[in-house]
Amino acid sequence: MTNPTATPNERPLAYRAAPHWAAVLAGVLTLPLLYVGGSVTTYRVGMAVPDWPRTFGENMFTYNFWDAPFGVQLEHSHRLYGSAVGVATIALCVAFFAFDKRKWAKSLAVAALAIVIIQGLLGGYRVRLNSTMVAALHGCLAQVFFALTVALATFTGRDWLSDAKPTPDAKGVRGLAVVTLLLVAAQIGLGAVLRHFSGRHAAYTHAVLGVAILGVAAHLFVKAKRHDPPKPSLRSAARWVEVLAGLQILLGVVAFVMLWPFDGMPRPVTTAQAAFRTLHQTNGAVLLAASVVATLRAFRHFGPAAKPGSITSPSTSPTDLEAVA
Ligand code: HEM
Ligand code: HEM
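So, here's what we can say about the structure. Bear in mind the structure is a predicted one, so any value in this text is a computation, not a measurement.

What counts, and where the lines are drawn
- Residues numbered from 1 in each chain as written.
- Chains lettered and ligands numbered in written order.
- Predicted model: local features only at pLDDT ≥ 70, side-chain atom pairs only at ≥ 80, totals over all residues.
- Near = placed C-beta within 6 Å.
- Helix = DSSP H or I, 4+ residues; strand = E, 2+ residues; numbered from the N terminus.
- Nonpolar A, V, L, I, M, F, W, Y, C, P; charged D, E, K, R; others polar.
- Domains from an automatic or database assignment.
- Expected span 1.5 Å × (residues − 1).
- Contact = placed C-beta atoms within 7 Å.
- Core = buried A, V, L, I, M, F, W, Y, C linked by C-beta atoms within 7 Å.
- Buried ≥ 20, exposed ≤ 12 C-beta atoms within 10 Å, placed from the backbone.
- Axes fitted to C-alpha atoms, helices over the stretch in contact; angles between N-to-C directions.
- Left-handed = near helix turned anticlockwise from the far one by under 90°.
- Parallel < 35°, antiparallel > 145°, perpendicular 65-115°, else oblique.

Let us look at the site of ligand 1. Taken together, 30 residues lie around ligand 1, and G37, G46, G82, G123 and G139 are the ones closest in. Of all the secondary-structure elements, those providing two or more residues to the shell around ligand 1 are α1 (17-42), α2 (70-99), α3 (103-128), α4 (132-155) and α6 (173-197). Looking at the shell around ligand 1, its residues break down into eleven nonpolar, 15 polar and four charged. Looking at which domains feed residues into the shell around ligand 1, each of domain 1 (17-155) and domain 2 (167-305) gives three or more.

What follows is the structure, encoded as structure tokens:
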């Protein structure tokens, strides 16, 4: 509900379907792309197509890959899919420029476009330079891109644009949400090291950190759940973080057993192995995105004590930034 006594600078923005659904579409399209890209890594077919931007010297959009070997089909379809996500991100930018008044939101949409372009370049240079380091960076940036599309969907969603009436953060929910987010981000970086370079120490550290993340996520959920007055959207985001962290650990244990003894030796990959390992990588992205949503909602719904006479957004809220824009 909108606060009728709010001044124009404090009034929440109206919900706009176009930027919201453009962000949702970009995120929904990106998620399977993470799985397809992850499969390229799992099956170790990153160099199946040795050139870029052409494919075996042909235009990548007209190259006929239907009769090609599995590795070529997988890697090439990943490129095509990446291009489709690039187009969806251009549409997202157009929707933000046409319908979202907030300058910072437009800047984030441009950042998403920049990231998707860099992502394509990293993918290409992973092949041209035959670089595992670039492959690992490409894997991490993919997760950041997905999280950004989800953040954009959050910023344009009804929960964000509603009159949030932030209350003082007496239980330190915001701090805990930030800690959860940072731990998950670090864990994804460590996971990329493990996946691309192997190594037992990285595996042990990654496993221990995974359990720590589950503990922190459970703590966050309990705090968000017990908060009075209730913050339902934050509570549901925190619940998702906890559930996804639990699922991630289960998938991680299976991947751990499959990859033991982490000596980096290439071995044949069965379909089940590929599915579990790649699901672990993709679910990592979903967990990152859920942590981003929980953190954003924590800052939206909690703030420092409100000034006397004001029942409006905290100074940290981007709706305020919009008012200045
Ligand atoms: C929106 C664009 C893209 C996204 C989101 C994306 C995402 C991903 C992801 C998640 C992986 C798995 C990384 C991992 O498991 O650590 C991957 C692998 C890969 N991607 Fe992309 N990708 C994109 C575009 C491209 C493009 C345009 C190319 C062009 C060549 C490309 C080439 C590759 C290659 C070669 C690998 C395998 C790397 C390896 O050997 O491990 N990607 N991609
Ligand atoms: C919340 C906790 C966790 C998160 C967020 C997480 C995230 C990730 C991600 C994103 C990757 C792939 C990185 C990339 O390709 O770019 C990865 C790889 C891996 N993780 Fe985790 N992980 C978690 C917990 C665990 C646990 C508890 C274990 C084992 C007990 C584990 C075992 C592994 C293994 C073995 C790999 C390499 C998989 C492969 O090469 O296919 N993870 N992790």
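A few words now on the site of ligand 2. With respect to spatial proximity, 28 residues lie near ligand 2, and among them G139, G191, G210, G252 and G284 are the closest. Breaking the shell around ligand 2 down by element, the ones donating at least two residues are α4, α6, α7 (200-226), α8 (232-259) and α9 (271-301). Element by element, the count of residues in the shell around ligand 2 is highest for α8, at eight residues. Here the residues of the shell around ligand 2 are counted per class, giving 15 nonpolar, eleven polar and two charged. Counting residues domain by domain, the shell around ligand 2 receives three or more from each of domain 1 (17-155) and domain 2 (167-305).

Let's shift gears to α8. Here α8 is 28 residues long and its end C-alpha atoms lie 40 Å apart, about the 40 Å a rise of 1.5 Å per residue gives. For α8, the elements touching its buried residues are α5 (158-161), α6, α7 and α9.

Quick look at unusual backbone geometry now. With an omega of 10°, the peptide bond between W52 and P53 qualifies as cis. Here the residue pair W260 and P261 is connected by a cis peptide bond, since its omega of 15° sits within 30 degrees of zero. Mapping P261 onto the fold places it in the loop between α8 and α9. Of note, the phi angle at F56 is positive, near 50°, even though the residue is not glycine.

Time to look at the nonpolar core. Core analysis: the biggest nonpolar cluster contains 61 residues, and L92, L220, V241, A289 and A294 have the highest contact counts within it. Residue assignment for this core shows that the elements contributing at least two residues are α1, α2, α3, α4, α6, α7, α8 and α9. Ranked by residue count, the leading element in this core is α4, at 13 residues. Of the residues that make up this core, three or more belong to each of domain 1 (17-155) and domain 2 (167-305). The residues contacting L220, other than those within four sequence positions of it, are L176, A177, T180, A238, V241 and A294.

Once that is clear, we can look at the environment of G175. Relative to the helices and strands, G175 is located in helix α6. In the structure, G175 is positioned 124 residues away from F299 in sequence and 9.4 Å away in space, judged by C-alpha atoms.

The next point concerns the packing of α4 against α6. It is at 10 Å that the axes of α4 and α6 come closest, and there the two elements cross at 145°. You can see that α4 and α6 cross each other, and the crossing is right-handed. Mapping the contact onto sequence places T132, A135, A136, G139, C140 and Q143 in α4 and I188, G189, A192, V193, H196 and F197 in α6. Among the residues making up the contact of α4 with α6, the classes are represented as seven nonpolar, five polar and no charged.

Time to look at the packing of α1 against α2. One can describe the packing of α1 onto α2 by two numbers: an axis separation of 9 Å at closest approach and a directional angle of 165°. When the axes of α1 and α2 are compared, the pair comes out roughly antiparallel. Every pair of crossing elements has a handedness; the one defined by α1 and α2 is left-handed. Across the contact of α1 with α2, the residue classes tally to 21 nonpolar, seven polar and one charged.

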